[in-house]
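Breakdown of the fold
Listed below, chain by chain, are the residues.
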Amino acid sequence: MLKNNFKVALRSILKNKIYSFINITGLAFGIAASLLILQYVNYELSYENFNSKSDHVYRLKTNRYEKGELSTQWASGVVSIGYLLHENMPEVESYARLMRTSSIISKEDREFRETNIYFANSTVFDVLGTKVLYGDPSTALDERLNVAISESTAIKYFGKSDVVGETLMSNRTIPIKVSAVFADVPRNSHMKYDILASWITRAGSREEQFNSVWYWDGYFNYITLREGTDTDELMVKIDELIERQWGDDMREEESWMDFELQPLSDIHLYSNFIGEAEVNGDGDSVYALLGISFFIILIAWVNYINLSTAKSMERSREVGLRKVMGSLRGQLIRQFLTESFLVNLLAVVLAFGIVALVLPSFAQLTDQPVTLELFKQQGFWLGLGALFLIGTFLSGLYPAFVLSSFKPVDSLKGSSLANSGGGRLRKGLVVFQFMASVGLIIGTYAVYEQISFMRNQDLGVDISQTMVLVGPGVADSTYQEKFSAFSDVVKGNANIENVVVSTAIPGRAVDWNAGGIRKEGAPSSEGKQYRVLGLGYEFVETYDLELIAGRSFSKEYGDEESKILFSRSAIEQLGFSDPEEALDTRITFWGDVYTIIGVLEDYHQTSLRDNFDKLIFRLLPNTRGYFSIKYSADNTQEVIKLAEENWAKFFPGNPFEYFFLDDDFAEQYKADQQFGTVFTVFSSLAIFVACLGLFGLAAFMTTKRTKEIGIRKVLGASVSNIVNLLSTDFLKLILISVVLAVPLAYYGMNEWLNGFAFRISLGWYIFVIPSIVVLLIALATVSLQTSRAARANPVNSLRSE
């Protein structure tokens, strides 16, 4: 019997080639889209899953308050908290403490600037799940000037993996001993390091201070909790510890802090705070794409239901004949479910072919590795099997019941769905399809508008035609003279406008955070937190920052290093509403006194996701963080060659590393652009699948009304009259879809845009333009079929009457 069902199902598929093609293609694209998105989501959700203890590991996020108001939130927070919790809380099994640094590392003639270096204690391997290949992980970082290096780093410097006991040089002057080699940190880790240096190298004789202070931020603290620990109860105990340890001191400063436990596996998708180890993902975007995959496959299933019920008229005689010959309703239901099973099976096979074809391009688009890990998971195959069976039953059960319910007499007379309610269902499903499609297209347009807004907004700082060199890691007492000579030589070229130095550059967060800054003579409780940017002369002019009061630093004046500049937001935090009033104010900064000589307009130091930083600008002409070269040449290669030649001359041995500032600034929007592109691709696929079904439905409904069209043409109806007649019903459904989709899309996109400090407003055009586009696409899809029927010779359709 089963064999016969499959034979009949295959015969039906081959007989109705167009409708079978539409069903199988629509389902295949829907399943392929879902598989690709699941691959993306699976990778995003896989962060830290290589760590067997990840369910019990938490990062301590530091929240700082001033006069009761939240002022800053630190991913890399207070230095001592991990140690104190381990010493005072039996629930804390172990802790790891890390701080990022960088250095020029060399071995004979091999020399590189390493930026993924962290000071850490030995428990870091166990807490963060790093596998040690060579060496003893329990003691590897116990001694001063000991380092553990990754396997790829070992091969880079030594040409082999087992290099325990070997020596490297840091900044050419400090020998460091390799005490362990660990496996490369997986890409799906929120923190990637190539070298781990012993914590005692950083702390030295200040270890006791590092274990007790409450005012040094910039350190990552992780704790492993024992099995069965109640995190809510632990947080209460942490608050009590803070009160005992620092309560009096913080109250005296009118400052406070508390902590949050961030589950290790949540950091990548749900953490965007000061001092993150790297740019993290966006959980909302990930789940939005997961929702899109659900809608796409649902739209494909709706196509199958619509076309199957619409085709019921053609199959009604088949059903009647089968019933007359003795077929039971259950047998008919099994027959139609077999057809649904076969269509879904063919769609799954085709979907895997599509996935295999586009997976490399999709991986490049999402900046993820090409991996088949998803397809190796038992849960994936169980999920796919469940999806396949659910799809088979959802898309096949209703048509099966509708078709099998026909009465033989009615069926053989040609009656069909007059009393089945199938027409209402089809209309409802079409409305659902296009409601989802319109919502996705509106979302795509809103994402595009927000990204365009961020990329084209006036930043308040000129980042064009700027090449940035990473400052020399190794320098001596003659650095200032060498920089001046380097600058003079480079500026001697007619294409170079200026060369300036700074501790940070636009597009990268200002890492120097300073607290306790207040007016001279004010109590310590008046102290506020600011970001501090150190810079050389002419930085303000080179970057075209707007001076709204006072003046900038100038060599024409004496004692400039005791002067300071504030941004507009910074002086407002200091208590001034008028920038002019802030001039000549003396402030206390870590025990020293500075005079405000100028106020700069706020500008976007980082992306428009973030609000304006409260910035202080200190004159530090000896800093060597970044060299900014402002040029006017069209031939950038000439500028690069000029800088490289003089770099080798004045800073020999230091790696020459450069980037262009506009490109670097745009990197901040890379994740948003990727999301926008992926969103656009799959939204377009959703509208394509929906239109595919609409095309098939329009083709069938047009065929059904062939004789009506012929009669109308004989009575004088024009082609446009008939096209309007046949299209109107469909367009009404699309309009209903638009009306339902707009408020839902507004709510969803407004929630997404709330994640940006600077955002677009959701104007009418964001909803009207996509709606018109969808209406035109739907009209074109329907008209393609209806116009063909309207132009047909009425003699052909009425010949048998």
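Calculation criteria
- Each residue is numbered by its place in its chain's sequence as written, counting from 1.
- For a predicted model such as this one, the threshold for reporting local features is a pLDDT of at least 70, and the threshold for listing and counting side-chain atom pairs is 80 or more; totals across whole chains, interfaces and linings nevertheless cover every residue.
- As a rule here, side-chain values cover all heavy atoms of the structure and leave hydrogens and water aside.
- Angles shown run from 0 to 180 degrees and are taken between the N-to-C directions of axes, each axis being a line fitted to C-alpha atoms and, for helices, limited to the stretch in contact.
- The secondary structure listing takes helices from DSSP runs of H or I that are at least 4 residues long and strands from runs of E that are at least 2 residues long, numbered from the N terminus.
- If you view the pair so one helix is near and one far, a crossing is left-handed when the near helix is turned anticlockwise from the far one by less than a right angle, and right-handed when it is turned clockwise.
- Contacts are assigned to residue pairs that have any heavy atoms within 4.5 Å of one another.
- Gly is put with the polar residues, along with every residue not named as nonpolar or charged; the nonpolar set is Ala, Val, Leu, Ile, Met, Phe, Trp, Tyr, Cys and Pro, and the charged set is Asp, Glu, Lys and Arg.
- pLDDT measures how confident the predictor is about each residue, on a scale from 0 to 100.
- Here a cavity denotes grid points, spaced 1 Å and computed from the protein atoms alone, that fit a 1.4 Å probe unable to get out, and a pocket denotes an open set having protein on both sides within 12 Å along at least 5 of 7 lines; residues with an atom within 4 Å of a point are the lining.
- Grid points are joined across faces, edges and corners, and a volume is the space filled by probe spheres set on the points.
- Pairing of aromatic rings covers Phe, Tyr and the six-membered ring of Trp, with a centre-to-centre limit of 6.5 Å; geometry is then stacked below 30 degrees between planes, edge-to-face above 60, and tilted otherwise.
- Note on classification: 1.4 Å probe, protein chains only; a residue is buried when its accessible area is under 20% of the maximum for its type, exposed when over 50%, partly exposed between these limits.
- To sit over a ring, a charge needs its Lys NZ or Arg CZ within 6 Å of the ring centre and within 35 degrees of the ring normal.
- How far a helix is expected to stretch is found by multiplying one less than its residue total by 1.5 Å.
- Here the bend at each residue means the angle between axes fitted to two seven-residue stretches, the one ending at that residue and the one beginning there.

Think of two packed helices as two axes; the pair is described by the angle between the axes and how far apart they sit. Taken N-terminus to C-terminus, the directions of helix α23 (residues 706–714) and helix α24 (residues 719–753) make an angle of 145 degrees; their axes are 10 Å apart at the nearest point. Judged by the sense of rotation from one axis to the other, the crossing of α23 with α24 is right-handed. The residues of α24 that touch α23, namely those facing E708, I709, R712 and K713, are I722, L725 and L726. Classifying every residue of the contact of α23 with α24 by side-chain character gives 4 nonpolar, no polar and 3 charged.

Moving on: the confidence of the model for the chain. Overall, the predicted model of the chain reaches an average pLDDT of 84, with 89% of residues at or above 70. Considering only residues more than four positions removed or in separate chains, one finds that residues 416–421, a stretch of pLDDT under 50, has 9 contacts.

Space inside the second largest pocket adds up to approximately 350 Å³. Along its surface, the second largest pocket is lined by 15 residues, and R426, K427, M701, D729 and F730 are the ones closest to its centre. Only α15 (422–456), α22 (670–704) and α24 provide two or more residues apiece to the lining of the second largest pocket. No other element matches α22, which puts 5 residues into the lining of the second largest pocket. When its residues are assigned to classes, the lining of the second largest pocket shows 7 nonpolar, 3 polar and 5 charged.

This paragraph deals with the packing of aromatic side chains. Under the counting rule described, the total for this entry stands at 41 aromatic pairs. Relative to F660, the ring of Y658 has its centre 5.9 Å away and its plane inclined at 80 degrees; by these criteria the two rings are edge-to-face. With a relative accessible area of 34%, Y658 lands in the partly exposed category. An aromatic cluster is built from Y479, F483, F486, F627, Y631, W647, F650, F651, F656, Y658 and F660, whose rings are joined through pairwise contacts. Against the face of F112 rests K156, its NZ or CZ located 4.8 Å from the ring centre. Sitting over the face of the ring of F589, R618 holds its NZ or CZ atom 5.3 Å from the ring centroid.

Next up on the list: helix α25 (residues 764–791). For α25, which comprises 28 residues, the first-to-last C-alpha distance of 39 Å matches the rise-based estimate of 40 Å (1.5 Å per residue) to within 8%. Helix geometry: α25 is bent most strongly at S783, by close to 35 degrees.

Time to look at empty space enclosed by the protein. Under the criterion given, the structure shown has 3 cavities of 30 Å³ or more. Of the volumes computed, that of the second largest cavity is approximately 50 Å³. Along its surface, the second largest cavity is lined by I31, I297, W301, N344, V348, L384, L387 and F388. Every element with two or more residues in the lining of the second largest cavity is listed here: α10 (283–310), α12 (329–366) and α13 (378–404). Split into classes, the residues belonging to the lining of the second largest cavity amount to 7 nonpolar, 1 polar and no charged.

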